[in-house]
Amino acid sequence: MAKKHHRQHQAMTDNIQTIKVHISASEEMCEILMAEFAEIGFDIFEENPNGLDAFCEENLFDLLQMEEIIARYRAVSPIEYSIEKIEKENWNQVWESNYEPIRIGDKVFIRASFHPTEPGYAMELVINPKMSFGTGHHETTHLMVENLFSLDLKNKSVLDAGTGTGILAFVAQKLGASIVRGFDVDAWSVENSIENAALNNCSDIPFVQGTIREEDDFSYDVLIVNINRNILLDEMGEYASRLKSGGYLLLSGFYTQDIPALEKKAAQFGIQKLSFLEKNNWVSMLLQKK
């Protein structure tokens, strides 16, 4: 799964006391809790080896609301948590000091706006993440970028399903795609994608809130989906219906052991696996519709 990890970060207001909630839970549950916690004032989330650390300004923290959320999901999966109050910090400085530029071979240099440019790459992107997944730090985004570079996107139409920060949509357009569209279920991702589009001269890419089932039946040359195994399996028919014959489907957000199940499901809709890339057991798979 990809969208559960590491939704980076909207810096908190400087010098405000902060509540840190340390959560031990499954990866899938961490994704759900991030979405729920974001609705009650939490705005920084960091992975830890056992789950998730969630941060909230003290004046926005509501213990009762948080415990109600946890109680609701404990019936589905085990969740343990602890709470601590941490000292005042300049969160902008903390975030910036921990956000490193990303280099994907000699293809793409990805930096935040406070990083200097770096020559020697085919493409440079400026990504200032808020709570959106997809900075290039995670293996899945890295692998998807690699796979996009393997395709001829000149004058092609591309749909980025679950766009996160917009990074994959920007890569597609800069590789020559003539039509690019992105959507995400999370409002903050849509807002962040629009902001990042302006930083990358991609403001003509429309980003909207929604799901694949709410998309028009327009047929694309390339469909990009970096979400998670269960959603990919559930929505495979939707992807097929929005791909041209001969169109490419790029999937990520799952592990090597998930390949057979996804390959089998895709075949039910006339989509066959061509190849895959793997890094630290994460996969990006390239498929084609017959």
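Q: Quick question: what am I supposed to make of the overall build of the protein chain here?
A: Looking only at helices and strands, the protein chain has eight helices and 14 strands in total. Taking all 290 residues of the protein chain together, 53% fall into the buried category. Across the protein chain, the fraction of contacts at a sequence separation of at least 24, relative to all contacts at a separation of at least 6, is 68%. Surface exposure of the protein chain reaches about 12400 Å², of which carbon and sulfur atoms provide 48%.

Q: How should unusual backbone geometry be read in this particular structure?
A: For residues other than glycine, phi is negative in most cases, and the peptide bonds are mostly trans. The phi angle at N155 is positive, at roughly 65 degrees, despite the residue not being glycine. Relative accessible area serves as the criterion here: at 57%, N155 is assigned to the exposed category. In this structure, N280 is a non-glycine residue whose phi angle is positive, near 50 degrees.

Q: How should the sheet that holds strand β1 (residues 18–24) be read in this particular structure?
A: In a beta sheet, neighbouring strands pair by backbone hydrogen bonds and run either parallel or antiparallel. Strand order in the open sheet formed by four strands is β2-β3-β1-β4, and the pairing between neighbours is antiparallel. Sheet topology places β2 (42–48) and β4 (80–86) at the edges, where each strand pairs with a single neighbour. Neighbour-to-neighbour, the strand axes of the sheet open up by a mean angle of 20 degrees, direction not taken into account. As defined by bridge partners, β2 adjoins strand β3 (residues 51–57) across six bridges and the pair is classed as antiparallel. Within the sheet, the bridge partner assigned to E47 lies in β3 and is L52. Lying on the sheet, helix α1 (residues 27–38) is in contact with β1, β2 and β3; it crosses β2 at an angle near 160 degrees. Along the sheet, helix α2 (residues 63–74) contacts β1, β2 and β4; its crossing angle with β4, the most-contacted strand, is approximately 160 degrees.

Definitions and cut-offs
Numbers given to residues run from 1 along each chain, matching the order in which its sequence is written. Confidence filtering applies because this is a predicted model: local features only for residues at pLDDT of at least 70, side-chain atom pairs given and counted only at 80 or more, and all residues used for totals across whole chains, interfaces and linings. As a rule here, side-chain values cover all heavy atoms of the structure and leave hydrogens and water aside. Counting from the N terminus, the helices are the DSSP runs of H or I reaching at least four residues and the strands are the DSSP runs of E reaching at least two. The rule is simple: take the accessible area with a 1.4 Å probe, protein chains only, and divide by the maximum for that residue type; under 20% is buried, over 50% is exposed, in between is partly exposed. Every residue pair with non-hydrogen atoms within 4.5 Å of one another is taken to be in contact. Accessible areas in this description were obtained via Shrake-Rupley with a 1.4 Å probe; residue shielding takes into account the shown protein chains only. Criterion used throughout: strands pair if DSSP finds at least two bridges between them. The axes are straight lines fitted to the C-alpha atoms, using for helices just the contacting stretch, and the angles between their N-to-C directions are given from 0 to 180°.

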